[in-house]
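A structural walkthrough
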Amino acid sequence: MTVLAVLQYILSVMIVLSAVYVVLSGNLVRAAFALFFTLFAVAGFYLTLKAELIAGFQILVYVGGILIIILFGIMLTPEYFKIRVFSEPVRIFPAAIISLILFFAVYVVGYEMFYIMNTAEQPYTGTYDIGVMLLSNYILPFEAASLVLLVVLIGAAVLSRREVK
Amino acid sequence: MSPFEIFLLADALFVIGIFGVLTRKNAIAILISVELILNGVNLNLINFARNTALGAKGQVFVLFVILLAALEAALGIAIILGIYRSLKKIDVDEARVLRG
């Protein structure tokens, strides 16, 4: 077993354990910090798959942005100060059964798919190639993304302002 | 790890996120679980980009998914704060009326 495989197995254990803690923990702040570990481990997994640009974006956007937004959300809804930040999982058994069925459904589909698909390691594509693709073949979604960013910026500002009395 | 094992890991992450969405009542906890789902999908896309003929297109796709996840979190928190202002709680079972 190579060093890379050992690293991938360690990262997988980290991802699954911290993700399970995220969904089972009653304390939302602890869930958010467990999510921190999940996101970092996924970023490390991207590195082992030679997608270093995506790993950087994962850390910048997810860990540095989304996680902070979520923590702000927890702190800004003063349930944190007044009532309680706990939110225990409910209806665990039906949800677990549905999740397990879904897992095996995806497993079966993936098994069939990997049976007929030939998997081979692709040549390395770095940041340069992705940048060229973004500005040539994928220029329309790239521009649409900037438009969506503007709309969401305005929308979030409109939604979160206070009414003038 | 073989591509199929990584596929199973992504599947597990996805299903754990689904479990979280089904079991939580707090809106922010649901938002956290949605992030888990998106991470599972992204992990699988990167796996396919590395190991199948999909190639670098997968990485481009993941960039767009990350962008939309950030927007979804920002708008989601704005909506949750709006729900909090009108109901004084963010329990999704309580938010039944559209006209607050």
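In every chain, residue numbers begin from 1 and rise along the written sequence. Here the convention is simple: chains get letters from A, ligands get numbers from 1, in the order in which they are written. Only residues with pLDDT of at least 70 get local features here, since the model is predicted, and only at 80 or more are side-chain atom pairs given and counted; chain-wide, interface and lining totals rely on the full set of residues. With hydrogens and water stripped out, all remaining heavy atoms of the structure feed into the side-chain values.

Take the overall build of chain A next. The way it works is that DSSP assigns letters per residue, a run of H or I at least four long becomes a helix, a run of E at least two long becomes a strand, and they are numbered from the N terminus. Within chain A, the secondary structure is distributed over 6 helices and 0 strands. Seen in sequence order, chain A has helices and strands lined up from the N terminus as α-α-α-α-α-α. Computation of the radius of gyration draws on C-alpha atoms, with the globule rule given as 2.2 Å multiplied by the number of residues to the power 0.38. Expected size for 165 residues packed as a compact globule is a radius of gyration near 15 Å; at 20 Å, chain A overshoots this value by more than 25%. Overall, the C-alpha framework of chain A stretches about 60 × 45 × 30 Å when taken along its three principal axes. Classification of residues uses two cut-offs on accessible area relative to the type maximum, computed with a 1.4 Å probe and protein chains only: under 20% is buried, over 50% is exposed, and between them is partly exposed. Taken across its 165 residues, chain A has 35% of its residues classed as buried. Method for areas: the Shrake-Rupley scheme with a 1.4 Å probe, in which residue coverage is limited to the protein chains shown. Only carbon and sulfur atoms are counted for the fraction: they give 75% of the accessible area of chain A, which is about 10400 Å². Distance between charge centroids for chain A: 20 Å, based on 8 positive and 8 negative side chains. As used throughout, the charge tally considers Lys and Arg to be positive and Asp and Glu to be negative, leaving His and the chain termini uncounted. Charged side chains are reduced to one point each, which is NZ for Lys, CZ for Arg, CG for Asp and CD for Glu.

Attention shifts here to the pattern of salt bridges. Salt bridge, as used here, is a side-chain nitrogen of Lys or Arg placed within 4 Å of a carboxyl oxygen of Asp or Glu. A full pass over the atoms with the stated rule returns 1 salt bridge over all chains. Two residues, Arg50(B) and Glu121(A), come together in a salt bridge whose shortest N-O distance is 2.9 Å. Here Arg50(B) is found in helix H2 (residues 27-51), whereas its partner Glu121(A) is found in the loop between helix H4 (92-116) and helix H5 (127-135) on a different chain. Taking the relative accessible area as the measure of exposure, Arg50(B) reaches 12% and is therefore buried.

Attention now moves to the packing of helix H1 (residues 3-24) of chain A against H2(B). Where H1(A) contacts H2(B), the axes come no closer than 10 Å and their chain directions differ by 155°. Comparing the axis directions of H1(A) and H2(B) gives the class roughly antiparallel. You can see that H1(A) and H2(B) cross each other, and the crossing is left-handed. Where H1(A) abuts H2(B), its residues Ala19(A), Val22(A) and Val23(A) lie against Ile32(B), Ser33(B) and Leu36(B). Each axis is a line fitted through C-alpha atoms, and for a helix only the stretch in contact is used; angles between axes span 0 to 180 degrees, taken between their N-to-C directions. Roughly parallel means an angle under 35 degrees; roughly antiparallel, over 145; roughly perpendicular, 65 to 115; everything else is oblique. Crossings are classed by handedness, with left-handed meaning an anticlockwise turn of the near helix from the far one by less than a right angle and right-handed meaning a clockwise turn. Any two residues having at least one pair of non-hydrogen atoms within 4.5 Å are treated as being in contact.

A few words on the packing of aromatic side chains. A pair of aromatic rings is counted whenever rings of Phe, Tyr or Trp (Trp by its six-membered ring) have centres within 6.5 Å, and the orientation is called stacked for planes under 30 degrees apart, edge-to-face for over 60 and tilted otherwise. Taken as a whole and judged by the stated rule, the model has 11 aromatic pairs over all chains. Aromatic pair Tyr107(A) and Tyr111(A): ring centres 6.2 Å apart, planes at 25°, arrangement stacked. Linking Tyr107(A) with Tyr111(A), this pair stays in helix H4, spanning 4 residues, or about one helical turn. Residue classification places Tyr111(A) among the partly exposed positions, given a relative accessible area of 47%. With 6.1 Å between their ring centres and 15° between their planes, Phe4(B) and Phe7(B) make a pair best called stacked.

Often, the extent of an interface is quoted as the loss of accessible area on bringing the components together. Contact residues are listed per partner, giving 80 residues for chain A and 65 residues for chain B. A quick way to say it: buried area is the sum, across both parts, of accessible area lost when two parts are put together, with a 1.4 Å probe. Here chain A meets chain B over a buried area of about 6800 Å², counting both sides, of which 76% is carbon and sulfur. At the surface where chain A touches chain B, the tally comes to 1 salt bridge. The term polar contact refers here to a pair of N or O atoms within 3.5 Å; inside protein, the definition further demands a hydrogen-donor-capable atom paired with an acceptor-capable atom, and it admits residues adjacent in sequence only when both atoms are side-chain atoms. Where chain A packs against chain B, one counts 10 residue pairs in polar contact (both at pLDDT 80 or more). Looking at the side of chain A that touches chain B, the elements that each hand over two or more residues are H1, helix H2 (28-48), helix H3 (52-76), H4, H5 and helix H6 (139-160) of chain A. In terms of residue count, H4(A) provides more of the side of chain A that touches chain B than any other element does, 13 residues in total. Throughout, the ten residues Ala, Val, Leu, Ile, Met, Phe, Trp, Tyr, Cys and Pro are labelled nonpolar, Asp, Glu, Lys and Arg are labelled charged, and all others, Gly among them, are labelled polar. For the side of chain A that touches chain B, the residue count by class is 57 nonpolar, 16 polar and 7 charged.

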